[in-house]
Amino acid sequence: MSKTVKLKKGLDIKLVGEAEKVTAEFVQPKSVSIKPSDFHGMTPKMLVKAGDSVKAGDILFQNKYQESIKFASPISGTVREIVRGEKRRILEVIVDSDGQQNYASSGKIDLNTANGDEIKNYLLNSGLWPFIIQRPIDIVADPKQSPKSIFVSAFDSSPLAPDFDYVLHGENENFQTGLTALSKLTDGKVHLTLNGESPSDTVFSEAKDVQINKISGKHPAGNVGTQIHHIDPINKGEYVWVVNAQDVMIIGRMMRTGHYDTTKLVNLTGSSAKNRKYYRTIIGAELSNIIDGNFEGDNVRIISGNPLTGNHTNATGHLGFYHNQVTIIPEGNEYKFFLTKGWLAPGFDKFSNSRLFPTFLMPNKKFVLDTNTNGEERGFVVTGELERVFPFDILPMQLVKAAITDDIDGMENLGIYEVAPEDFALCEYVCTSKINIQDKIRQALDLIQEECM
Amino acid sequence: MKFLEKYLHKMEPNFVKGGKWEKWNPLFETMATFAFTPKLVTEKGSHIRDGVDLKRTMITVVFALIPCLIFGIYNTGHWGMVAEAGSRDLPYWADMGTKFGIGLAAVLPIVVVSYAVGLGVEFLFGMLRGHSLHEGFLVSGMLIPLTMPADVPLWMVAVATVFAVVIGKEIFGGTGMNIVNVALTARAFLFFAYPTSMSGDKVWMAGTEASVDGFTGSTALGDLASFMSDKPVFENLQTFTNNYSLSDSFFGMIPGSIGETSTFACLIGAVILVATGVGSLRIIASFFAGGLLMGGILNLVGGNEYLDLPAYYHLVIGGFAFGAVFMATDPVTAAQTSMGKLWYGLFGGIVAILIRVLNPAFPEGVMLAILFMNVMAPIIDHYVVQGNIKRRLKRLKTA
């Protein structure tokens, strides 16, 4: 029973800096970094120490409180450093490449004979498990739970996002293997949700063992959270797992080859980036291969991920575990005179969801946006603006207020179990009062996990 | 503007923590952020942010008020001349320069006092709390004068503004936290604190010190309310409508508070607010609908001249349009859910006309109706939110 959903709410932020659909050849990164902070709430227990030599697929650390969840090295080489921060918290594990790519032998798995538990154990032991995220709470899935369904989105609608049709073109077998494996992990269905506005690549449209749904509308149509809400919503006590499409392909590839090969396509985007195209690289890879010499000016922000939800990094940083995109945009750390560029200016360079700038009359114009907040933080004043970009049957302002005030009953009633911080990214973007809504939702989810799960 | 930017850079260290003028930081910051959008960058979450901020939102409301202000100045001048001449027969569109002059002399001081006193109080609280001035008063400071009779003593404006900002807003935590509309709090304060100056039938009117000359500067509402008493000003509705024609009332060529008389000017403001999305069309439209509905019901009941006043007349006289467009739409004090906004506006309109017609002590019901609905808005929202929660629970049962 496939479903078709049409969204009326949402917002496409049209930015300058799309990537050209050309792929640069793979260059072996000099180092990779796996950051425990990419896996929210996880405390690592190290299994290697600096100087150890590892193969691609060897386990670097495991979750201290859930030891079955393991995290593998994407490359072969030596562990250069375990970077620690305050209170000796582990910030990242850096592995230097040996220039080759030697894989540890985790073995293949035959999906025709394997049952759900065997697949689960295979994923856990091989370090593939962290690709599976659970809703509610938006953390790495708890292997002890059984999800009522699994969601994979076949497109990314966020600003400057990679085109999955291009990224996964020709990966039909790997992707299908991944989907089939996922379908054995749930009693329910695997939902693959396609973009209803344009035909999809055969890798998606001919997928089997899944329910194919279509969703059309503006961003966040491509967010799994939106898709779950409209197709198979989460109630209290239920679990849904989600996997990024490119990660499904990585899972499938390992099952077929037996190699922990995390090669994937990442697009370089953003108004300050040059040579904007797709780069073949590895999870956690040094960004220098991609961005060296490929951005204009010094005063730029380098983001691993998209501009709405990505992580702030720098020219010597590494790609985030879940990211398919690198974005470079200008920093906005300069004063803007109020009559020429500030709050009372005509504002032909400002993109806004409100109609307070003339640019709302130019729906096709693309904008160069910097990281300036364009105003100071205030209390909530304007009402109705969050609702316009939040296509859920959830009252966003009321939920955010419940989150800010730690009102657990309120949050449960208003739908905290259905949302992830990324679902509020657009709300945060449009907020006139410049409130960091994603952070508030993250804190609220942490509270819910502590008190109610 | 580089020199100004450089100067601000140079001065900034004096005002930060530990600087020699540290406690004046809110004042400095307000000035600096007025002239320059600060160089704040995103730290958490979304790296890019919408171009809009509260300053732009608020200044748009002030722009939307300008037609009301300009017309109010002219109208005040006109009725000032009428009062002086002691005759209502002066042509409206003559002596425009003089009328503007008289009007400006009456209105400008009220605007200045309102802003000066209000901003002063806001600064004081900003310094106590250590934050810069929040933008809410940009609008309140303009709304307060426009709701005042033109001959209000300036000290009363000052006292009312202090009361409104402190009791109406700051004790709740400032902009965005208040329960009732700040400008209406000022108006209500004068209404109840100085009843002898603004009592009964003279509320919402431009007296322009008229009684001195023996001219009763009563308003349409005052005259209408007298239908409910033993001594009506007019014999019947016919003589009333002869005096206050529908077009005069719509365009605002009648006595009243400074900014309220012209429904036309209010509608220009409404167009600006709705087009930019700052004001809620739902509230404005449902407020008018509520007034029309209640007026219609009273027409059906009938029985005396006031009850028989055509329902649409209610929308163009008094402060109805001004209240609907600029007061009821205040997003902080209105209902916040989109369904709630419809009910809030509808009941606001109904209650306004109900008070206006049936309560002889209050010839103008709009102010009290909106304040009442401000208090009721959280309850309306509560039921809308409960509706959402129930609908979501139902999903669980059917699933």
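Residues numbered from 1 in each chain as written. Chains lettered and ligands numbered in written order. Predicted model: local features only at pLDDT ≥ 70, side-chain atom pairs only at ≥ 80, totals over all residues. Heavy atoms only, no water.

Participant: Mind laying out unusual backbone geometry, listing which residues take part and the relevant values?
Facilitator: All names here are of chain A. Residue R135 is joined to P136 through a cis peptide bond whose omega torsion reads -5 degrees. Looking at the element boundaries, P136 is found in the loop between β10 (133–135) and β11 (139–140). A cis amide bond links H219 to the next residue, P220, at an omega of 10 degrees. With respect to the helices and strands, the residue P220 is situated in the loop between β14 (211–216) and α5 (224–231). Of note, I137 is a non-glycine position whose phi angle comes to about 80 degrees, a positive value. For I137, the location among the structural elements is in the loop between β10 and β11. Of note, the phi angle at D138 is positive, near 60 degrees, even though the residue is not glycine. (Helix = DSSP H or I, 4+ residues; strand = E, 2+ residues; numbered from the N terminus.)

Participant: Which residues make up the interface of chain A and chain B, and what are the values?
Facilitator: Tallying the contact residues gives 72 residues for chain A and 58 residues for chain B. A per-residue breakdown of the area chain A buries against chain B is headed by A:Y335, A:W343 and A:L356, which together make up 17% of the total. At the junction of chain A with chain B, the criterion picks out 7 salt bridges. The salt bridge partner of A:D439 is B:K44, with a shortest N-O separation of 3.2 Å. Our enumeration of links across chain A and chain B arrives at 43 residue pairs in polar contact (both at pLDDT 80 or more). Among the elements of the structure, β18 (300–304), β19 (311–313), β21 (336–337), α9 (396–404), α10 (408–414), α11 (425–430) and α12 (437–452) of chain A are those that each provide at least two residues to the side of chain A that touches chain B. Considering every element that reaches the side of chain A that touches chain B, the biggest residue donor is α11(A), with 4 residues. (Contact = heavy atoms within 4.5 Å. Buried area = accessible area lost by both parts, 1.4 Å probe. Salt bridge = Lys/Arg side-chain N within 4 Å of Asp/Glu carboxyl O. Polar contact = N/O pair within 3.5 Å; in protein donor to acceptor, adjacent residues only side chain to side chain.)

Participant: Could you give an account of the domain arrangement of chain A, with specific residues and numbers?
Facilitator: Note: interface size is frequently given as the accessible area lost on complex formation between the parts. Residue and element names in this part refer to chain A. Taken as a whole, chain A is organised into domain 1 (4–12 + 107–257), domain 2 (31–97) and domain 3 (373–452). Computed from C-alpha atoms alone, the centre-to-centre distance between domain 1 and domain 3 is 25 Å. The interface of domain 1 with domain 3 comprises 20 residues on the first partner and 22 residues on the second. Looking at the side of domain 1 facing domain 3, the largest losses of area belong to K9, I137 and H229, adding up to 32% of the total buried there. If you look at where domain 1 meets domain 3, you find 4 salt bridges. For the pair domain 1 and domain 3, the interface holds 8 residue pairs in polar contact (both at pLDDT 80 or more). If one sorts the elements of the side of domain 1 that touches domain 3 by residue count, α5 sits on top with 5 residues. (Domains from an automatic or database assignment.)

Participant: How would you explain the nonpolar core if you had to name every residue and give the values?
Facilitator: In summary, soluble globular proteins display a tendency toward joint burial of nonpolar side chains. If you look at the biggest cluster of nonpolar residues, it comprises 107 residues, and the most contacted ones within it are B:F240, B:I317, B:F322, B:F326 and B:Y344. By residue number, the principal contributor to this core is helix α3 (residues 54–85) of chain B, which donates 13 residues. Filtering out sequence-adjacent residues up to four positions away, B:F322 remains in contact with B:L65, B:C68, B:L143, B:L146, B:T147, B:G259, B:E260, B:C266 and B:M327. Counting 80 residues, the second-largest nonpolar core is a separate cluster that includes A:I75, A:A141, A:L182 and A:M254. (Core = buried A, V, L, I, M, F, W, Y, C linked by side-chain atoms within 4.5 Å. Buried < 20%, exposed > 50% of the residue type's maximum accessible area, 1.4 Å probe, protein only.)

Participant: Please set out α9(A) residue by residue, giving values where relevant.
Facilitator: Residues and elements named next belong to chain A. Counting buried residues along α9, 7 of its 9 residues qualify, which places the element largely inside the surrounding structure. Listed in full, the buried residues belonging to α9 are P396, M397, Q398, L399, V400, A402 and A403. A positive phi of about 55 degrees marks D406, the residue just after α9.

Participant: Explain the sheet that holds strand β17 (residues 278–282) of chain A to me, using residue names and the numbers behind them.
Facilitator: Residue and element names in this part refer to chain A. On the basis of which strands lie adjacent, the open sheet formed by 6 strands has the order β2-β17-β16-β20-β18-β19 and mixed pairing. At either margin of the open sheet sits one strand with a lone partner, and together these are β2 (23–24) and β19. As defined by bridge partners, β2 adjoins β17 across 2 bridges and the pair is classed as parallel. Paired with A24 across the two strands is Y279, which belongs to β17. (Pairing = 2+ DSSP bridges.)

Participant: Explain the environment of A:F351 to me, using residue names and the numbers behind them.
Facilitator: Mapped onto the fold, A:F351 is located in the loop between β21 and α8 (385–388). As a C-alpha pair, A:F351 and A:V190 span 161 residues in sequence and 37 Å in three-dimensional space. The residues contacting A:F351, other than those within four sequence positions of it, are A:L11, A:D12, A:I13, A:T359, A:F367, A:L369, A:Y429, B:D50 and B:G51.

Participant: Describe the sheet that holds strand β7 (residues 66–72) of chain A, and please don't skip the residues or the numbers.
Facilitator: All names here are of chain A. With antiparallel pairing, 3 strands are arranged side by side in an open sheet as β4-β6-β7. Since the sheet does not close on itself, it has two edges, and those belong to β4 (44–46) and β7, each with one partner. When the angles between neighbouring strand axes are averaged without regard to direction, this sheet yields 35 degrees. Where β4 meets strand β6 (residues 59–63), 3 bridges bridge the pair, whose relative direction is antiparallel. (Axes fitted to C-alpha atoms, helices over the stretch in contact; angles between N-to-C directions.)

Participant: Would you mind going over the environment of B:V384 in detail, with residue names and values included?
Facilitator: Residues and elements named next belong to chain B. Relative to the elements of secondary structure, V384 occurs in helix α17 (residues 366–398). Along the backbone, V384 and S338 are 46 residues apart, and their C-alpha atoms lie at a distance of 8.9 Å. Look past the residues within four positions of V384 in its chain and what remains in contact with it is T337, M339 and G340.

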